[in-house]
Amino acid sequence: MSRHRFSRQAQADALLAKLDQLTAQALEQTELHRARIELAVVLQRGMLPDFLPELPGLRAAARYAPARSGLDIGGDWYDGFRLADGSLAFSIGDVQGHDVEAAAFMGQVRIGLRAAAAFTNDPGEVLSRTNDLLVSMDCGLFATCSFLRFDPATGDLLAARAGHVPAVWAAADGRGGVIEDEGGAPLGIVPGASFPVTRHHLPDRGAIALVTDGVLEGPAFPIEAGLEEVLRIVRSGADEDPDRLAARVIEVADLTGHTDDAAVLVLASAGPG
């Protein structure tokens, strides 16, 4: 074999060895990324509640859909629990960022909201205390959130919003719209932020649907179109079973071609039909 041919063979062998090394590294990174996604999925689903509380006058249901690619999972949640005074608290939100870190931060936000609600039943104060806790942690993440309290004595919903997308409401008689309440900054950004509280009366045979932005927007949909579609669905099913209505609302995410995960929380009247 000539010196030239030997040199070319050596170069080819070296190139193949380098390709083998790069392939092995790529496979290792792929396996690591897949493991992180699977861990995020486990964390995400493990922290969502198995059931939502109900009281005479209110029924609740929720849905969650992971990101289609699996790359953007980990940030969305919904929750519901009883307060010491007998009322019910509900929250829905979306953490900035994805993967394991977002799933873990989501758990911290939920725990913070529950802890704050043990000391006050005012939704604005709950958000304010949770915000101060998250700011003090200085972890570099933030979350949008809506927090609501259902008062069984009046049938009213008291709501506060921290940078979250609007909710929609509808009654069986055809009334309905987008709830453009004044809100505050997302949680975890502004020290000492305040969050205005708005009172809503849930009409008999009516429902309120709260969603995360993964339901409303995507490559195929601007957020305004997503809100219109959710409102159309809630108007058409304002007096139907909330579990069925939540299932219909989460399907809007398929229309948008969503790349983010998505969550839906439906609060429906259990008043006279």
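A.B. asks: Sorry if this is basic, but what is going on with the sheet that holds strand 9 (residues 206-211) here?
C.D. replies: In a beta sheet, neighbouring strands are held together by backbone hydrogen bonds and run either parallel or antiparallel to one another. Sheet architecture is open: five strands sit in the order 1-10-9-6-7, paired in antiparallel fashion. Where the open sheet ends on each side, the last strands, each with one partner, are strand 1 (58-65) and strand 7 (176-179). Along the sheet, successive strands turn relative to each other by an average axial angle of 15°, direction set aside.

A.B. asks: In this structure, what is going on with the pattern of salt bridges? I would like to understand it.
C.D. replies: Oppositely charged side chains are able to pair whenever their charged atoms sit close together. Using the criterion set out here, one finds ten salt bridges in the structure. E240 is the partner of R248 in a salt bridge, and the nearest nitrogen-oxygen pair spans 3.3 Å. For R248, a relative accessible area of 25% translates into the label partly exposed. Within the structure, one salt-bridge network assembled from shared partners comprises D79, R110 and R114.

A.B. asks: Just to check I follow, could you spell out the sheet that holds strand 3 (residues 88-95) for this structure?
C.D. replies: Spatially, the five strands line up as an open sheet ordered 2-3-4-5-8, and their pairing is antiparallel. The sheet is open, and its two edges are formed by strand 2 (76-82) and strand 8 (197-201), each paired on a single side. The average angle at which neighbouring strand axes cross in this sheet is 20°, direction not considered. Relative to strand 5 (residues 156-162), strand 4 (residues 143-151) runs antiparallel, the two sharing six bridges. The residue bridging F150 from the neighbouring strand is L157, located in strand 5. Packing of helix 3 (residues 123-137) onto the sheet brings it into contact with strand 4, strand 5 and strand 8, and relative to strand 5 it is tilted by some 30°.

A.B. asks: What is the right way to read helix 3 from this model?
C.D. replies: In an α-helix there are 3.6 residues to a turn, and that puts residues three or four apart on one side. Its 15 residues give helix 3 an end-to-end C-alpha distance of 21 Å, which sits within 8% of 21 Å, the value for a rise of 1.5 Å per residue. Along helix 3, the residues that are buried comprise P123, G124, V126, L127, S128, T130, N131 and L134. Put simply, D122 is the residue that caps the front of helix 3, since its side-chain oxygen is 3.1 Å from the backbone nitrogen of G124. Immediately beyond the C-terminal end of helix 3, within one or two residues, lies D138, with a positive phi of roughly 50°.

A.B. asks: Please explain the nonpolar core as it appears in this structure.
C.D. replies: When a protein is soluble and globular, its nonpolar side chains tend to lie buried together. Counting residues in hydrophobic clusters, the biggest one holds 47 residues, and the most contacted among them are W77, L127 and L267. Examining the composition of this core, we find that seven residues originate from one element, helix 2 (residues 99-117), more than from any other. Formed by 26 residues, the second largest nonpolar core is a distinct cluster that contains V211, V234, V249 and V266.

What counts, and at which threshold
- Residues numbered from 1 in each chain as written.
- Predicted model: local features only at pLDDT ≥ 70, side-chain atom pairs only at ≥ 80, totals over all residues.
- Heavy atoms only, no water.
- Pairing = 2+ DSSP bridges.
- Helix = DSSP H or I, 4+ residues; strand = E, 2+ residues; numbered from the N terminus.
- Axes fitted to C-alpha atoms, helices over the stretch in contact; angles between N-to-C directions.
- Salt bridge = Lys/Arg side-chain N within 4 Å of Asp/Glu carboxyl O.
- Buried < 20%, exposed > 50% of the residue type's maximum accessible area, 1.4 Å probe, protein only.
- Contact = heavy atoms within 4.5 Å.
- Expected span 1.5 Å × (residues − 1).
- Polar contact = N/O pair within 3.5 Å; in protein donor to acceptor, adjacent residues only side chain to side chain.
- Core = buried A, V, L, I, M, F, W, Y, C linked by side-chain atoms within 4.5 Å.

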